[in-house]
Amino acid sequence: MPTGSAAPDYFGGQRPGDNRYANSVVALRATTGEVAWHFQVVHHDVWDYDVAAQPTLVTVTRDGATVPAVVVATKQGFLFVLHRETGTPLFPVEERPVPQSTVPGEVLSPTQPFPVLPEPLHPFGIAPEDAFGLTDADRAACRALLAGLDWRGMYTPPGFDGNLMYPGYAGGINWGGVAIDEHRRWAVMNVMRLPFQVRLHRRTDPGRGNQLGTPYEMTRSMIASPSGLPCSPPPWSTLVAVDLDTGEKRWEVPLGRMPALVRAGVPGVER
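Reference entry: report on the structure contained in this document. Quick caveat: nothing in here was measured; it's all calculated off a predicted structure.

A few words on a nonpolar patch on the surface. The grouping of M1, Y21, L28 and V35 at the surface amounts to a nonpolar patch, some 340 Å² of accessible area in total. Of the residues examined, L28 reaches a relative accessible area of 41% and is grouped as partly exposed.

Structure below.
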């Protein structure tokens, strides 16, 4: 089963540690309720990167033998391919250093897990010069928005000045999960590519707002131009196929159609 984030989402000062079993896939023995194994995809989550997609069972091939596996797709655009009976990754997973928080009371994990294969299915970050807009005014507004946000990598923690989330808390890969081609042993999934921002605010009323019980409230939103379109360049959603035997991405195509943008000559918005 997949699990959600430990609450509240964007400040973890009152829930120290990795928050065991949160943001994980957990295997339970149905006969006893005992935990057989678990694999955590985010330690001490402060990005709302819960495991939204259902873990998907598949049989893969390793060294000519069949192996029972489970595919865990994440909002970060990662695929973790695990041995179904043990939770052991079938491709290498590295614990890599990530940025730390400057918010009083917050202590983050110094590292986060990154699968070596399959390769990330979502771009890591977007620079101001990459800003999209249909007009010069839209592009300028998006550049200013992006330039004003903290960005130190995918796991840039929330702060008082606002941080960029790309992948955003909507994905990457969200509730849609993956489909399996059992003959080819491929996973096929929708990957969303929308930029978001999150900002913490010092609480003024202890009984009102979100994240009750903490010193901070938060606001979050998609980063969009004045015309309402995302500030990231299209496509804003793709359909991706990954070979689960090798970890290789087999193909990727834009998903969806926006006739008005097609008529405007914007690349990457029709499939």
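Turning to the sheet that holds strand β11 (residues 196–202), a few remarks are in order. Across a sheet, paired strands are connected by hydrogen bonds in the backbone, their directions being either parallel or antiparallel. What the three strands build is an open sheet, ordered β8-β11-β12; its pairing is antiparallel. Of all the strands in the sheet, just β8 (163–165) and β12 (216–222) have a single pairing partner and so form its edges. The sheet shows a mean angle of 30° between the axes of neighbouring strands, direction not considered. As defined by bridge partners, β11 adjoins β12 across seven bridges and the pair is classed as antiparallel. Counted as the bridge partner of H201 is E217 from β12.

This part is about the nonpolar core. Grouped together as the largest cluster of nonpolar side chains are 36 residues, with contacts concentrated most on L82, Y155 and M165. Those elements giving two or more residues to this core turn out to be β1 (24–28), β2 (35–40), β4 (65–73), β5 (79–83), β11 and β12. By residue number, the principal contributor to this core is β11, which donates three residues. Those residues in contact with Y155 that sit more than four places away from it in its chain are V41, V42, W47, Y49, Q76, F78, V98, P99, Q112 and F114. Counting residues in each nonpolar core, the second largest holds 19 residues, with A53, V60, V67 and V191 among its members.

With that settled, consider the sheet that holds strand β13 (residues 237–243). The four strands are arranged β9-β10-β13-β14 in an open sheet whose pairing can be described as antiparallel. Because the sheet does not close on itself, it has two edges, and the strands there are β9 (178–181) and β14 (249–254). Neighbouring strand axes in the sheet, compared pairwise and without regard to direction, differ in orientation by 20° on average.

The full count for this structure, using the stated rule, is one disulfide. Between the sulfur of C142 and that of C231 lies a disulfide, 2.0 Å long from S to S. As the torsion about the S-S bond is roughly -75°, the C142-C231 disulfide counts as left-handed. One end of the pair, C142, is in helix α1 (residues 136–147); the other, C231, is in the loop between β12 and β13, with 89 residues separating them in the sequence.

Applying the stated criterion to the full structure yields 13 aromatic pairs. Ring plane angle 80° and centroid distance 6.0 Å describe the contact between F78 and F80, whose orientation is recorded as edge-to-face. Pair check on accessibility: F78 and F80 agree, each one buried. Each ring, one from F78 and one from F124, has its centre 6.0 Å from the other, and the planes form 75°; the classification is edge-to-face. Of this pair, F78 sits in the loop between β4 and β5 while F124 sits in the loop between β7 (111–115) and α1; the two residues are 46 residues apart in sequence, bridging distant segments of the chain. Judged by relative accessible area, which is 1%, F78 ranks as buried. Put simply, the rings of F39, W47, Y49, F78, F80, F114, F124 and Y155 touch in pairs and so form one group of aromatic residues. The positively charged end of R62 is found above the aromatic ring belonging to F91, 4.4 Å away from the centroid. One cation-aromatic arrangement involves R184 over W186; the distance from NZ or CZ to the ring centre is 5.3 Å.

Quick look at the environment of P206 now. Along the chain, the position of P206 falls in the loop between β11 and β12. Along the primary structure P206 and R193 are separated by 13 residues, whereas in three dimensions their C-alpha atoms are 35 Å apart.

In terms of burial, β1 is largely enclosed, as four of its five residues are buried. By the bridge criterion, five bridges tie β1 to β2 in an arrangement that is antiparallel. Opposite V25, over in β2, you have F39 as the bridge partner.

Inspection of every chain in the model, using the stated rule, returns 13 salt bridges. A salt bridge links R29 to E34; the shortest N-O distance between them is 3.6 Å. Overall, the relative accessible area of 45% leaves R29 in the partly exposed class. For the salt bridge of R250 with E248, the shortest nitrogen-to-oxygen distance reads 3.9 Å. In this structure R250 comes out as partly exposed when scored by relative accessible area, which is 40%. We classify E248 as partly exposed; its relative accessible area is 40%.

Calculation notes
- Residues numbered from 1 in each chain as written.
- Predicted model: local features only at pLDDT ≥ 70, side-chain atom pairs only at ≥ 80, totals over all residues.
- Heavy atoms only, no water.
- Patch = residues over 30% accessible without salt bridge, like charges linked within 9 Å, V, L, I, M, F, W, Y side chains within 5 Å.
- Areas by Shrake-Rupley, 256 points an atom, 1.4 Å probe, with all protein chains shown as cover.
- Salt bridge = Lys/Arg side-chain N within 4 Å of Asp/Glu carboxyl O.
- Buried < 20%, exposed > 50% of the residue type's maximum accessible area, 1.4 Å probe, protein only.
- Pairing = 2+ DSSP bridges.
- Helix = DSSP H or I, 4+ residues; strand = E, 2+ residues; numbered from the N terminus.
- Axes fitted to C-alpha atoms, helices over the stretch in contact; angles between N-to-C directions.
- Core = buried A, V, L, I, M, F, W, Y, C linked by side-chain atoms within 4.5 Å.
- Contact = heavy atoms within 4.5 Å.
- Disulfide = S-S within 2.5 Å.
- Phe/Tyr/Trp six-rings, centres within 6.5 Å; stacked < 30°, edge-to-face > 60°.
- Lys NZ or Arg CZ within 6 Å of the ring centre and 35° of its normal.

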